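# What the coordinates show
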Amino acid sequence: MSAPLDLRIFPDRPALFQAAADEFVRQARAAIQSSGRFTVALAGGSTPKGLYSLLATHTAIPWDKVRFFFGDERHVPPDDPESNYRMARETLLSKVPIPSGDVYRVPAENPDAGQAAQSYEHTLRQFFQTPPTTFPRFDLILLGMGPDGHTASLFPGGKALQERSRWVVADWVEKFKTDRITLTLPVLNNAAVVMFLVSGEDKAETLKEVLEGTQPADLFPSKLVRPTDGKLIWLADQAAAAGFSRRPS
Ligand code: 6PG
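Described in the following lines is the structure provided in the data block. (Residues numbered from 1 in each chain as written. Predicted model: local features only at pLDDT ≥ 70, side-chain atom pairs only at ≥ 80, totals over all residues. Heavy atoms only, no water.)

## Let's talk about the packing of aromatic side chains
To keep it simple, the criterion reads: Geometry of aromatic contacts follows a simple scheme: Phe, Tyr and Trp rings, the Trp one being its six-membered ring, pair when their centres are within 6.5 Å, and the pair is stacked under 30 degrees between planes, edge-to-face over 60, tilted otherwise. Starting at the N terminus, helices and strands are each numbered in turn, a helix being any DSSP run of H or I of at least four residues and a strand any DSSP run of E of at least two. Exposed residues in this analysis have more than 50% of their type's maximum accessible area, buried residues have under 20%, and partly exposed residues fall in between, with area computed by a 1.4 Å probe over protein chains only. Placement of a positive charge over a ring is assigned whenever Lys NZ or Arg CZ falls within 6 Å of the ring centre and within 35 degrees of the normal to the ring plane.
Scanning all chains against the criterion turns up 12 aromatic pairs. Taking the centre distance of 5.0 Å and the plane angle of 70° together, the rings of F69 and F127 count as edge-to-face. Of the two residues, F69 is situated in strand 3 (residues 66-70) and F127 in helix 4 (residues 113-128); the sequence distance between them amounts to 58 residues. Side by side, F69 and F127 carry an identical accessibility label, which is buried. Note on F128 and F138: the rings are 4.9 Å apart at their centroids and 70° apart in plane angle, and the pair reads as edge-to-face. Of the two residues, F128 sits in helix 4 while F138 sits in the loop between helix 4 and strand 5 (140-144), which places them 10 residues apart along the sequence. As far as the burial class goes, F128 and F138 line up, both buried. Taken together, the ring pairs connect F69, Y104, F127, F128 and F138 into an aromatic cluster. Sitting over the face of the ring of W167, R125 holds its NZ or CZ atom 4.2 Å from the ring centroid. Lying over the aromatic face of F244, K208 brings its terminal NZ or CZ to 4.8 Å of the ring centre.

Printed below as a string of structure tokens:
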């Protein structure tokens, strides 16, 4: 029996980002209280910029207890305009007192994307110290959703969707003619909390399909994110949630 859908709809982007920041702080406090640290995998793309900028103004987070990771990365150096790390650094990581050693970025400057993925997986295994056949349990994984239903760098038809043992893989993304490096579904689905941030009318049809539709899940990879023992939270603005009759929160 799957948990009831936790979809929170907000009138606009500022309200969406505020709610996302509040949830981030809530999860950080809970994790730090129970384990002394907060492990969070950041989402890339553009939507999270508003959240990260807001978090950068938060004084209520003990940043020295936070460990930052990335849900996926483009196959570019860290100073490339396309880099998710660069986006997070510019909007958040450079603005709050985070020891540089507490930010674990994907070494996507490696010309061999597969090696970059293996290296990142090694970094994660060293950090989480879980037995070989298990998966890391992030306190929070932030995700976005593309208009095609992709999330992280898990794209429709991508080989990465089939991965059931590796924690991190590289996958060729035909539509962008590039490799991407991504956490795999077993890792996403082992998280304590997964929070999607979805904004914009271009996502409305896909969000409706992902949350209520019956098309095959591998055509809409966001459908495959179902934490086995964790919370799944969807935060959407009214534009993205146009297909849902409920009023904004
Ligand atoms: C990336 C992200 C990707 C993103 C979606 C949605 O590397 O781009 O990981 O999965 O979350 O493409 O992007 P927006 O939220 O910017 O629309």
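## Overview of the packing of helix 2 (residues 48-55) against helix 3 (residues 84-93)
What counts, and what does not: Every angle, taken between N-to-C directions, lies between 0 and 180 degrees, and every axis is a line fitted to C-alpha atoms, over only the stretch in contact when it is a helix. We call two residues contacting when some pair of their heavy atoms lies within 4.5 Å. Only Asp, Glu, Lys and Arg are considered charged in this grouping, and only Ala, Val, Leu, Ile, Met, Phe, Trp, Tyr, Cys and Pro are considered nonpolar; every other residue, Gly among them, is considered polar.
In the contact formed by helix 2 and helix 3, the axes pass within 8 Å of each other and the chain directions differ by 35°. On helix 3, the residues that touch K49, Y52, S53 and L55 of helix 2 are M87, A88, T91 and L92. Taken together, the residues of the contact of helix 2 with helix 3 sort by class into 5 nonpolar, 2 polar and 1 charged.

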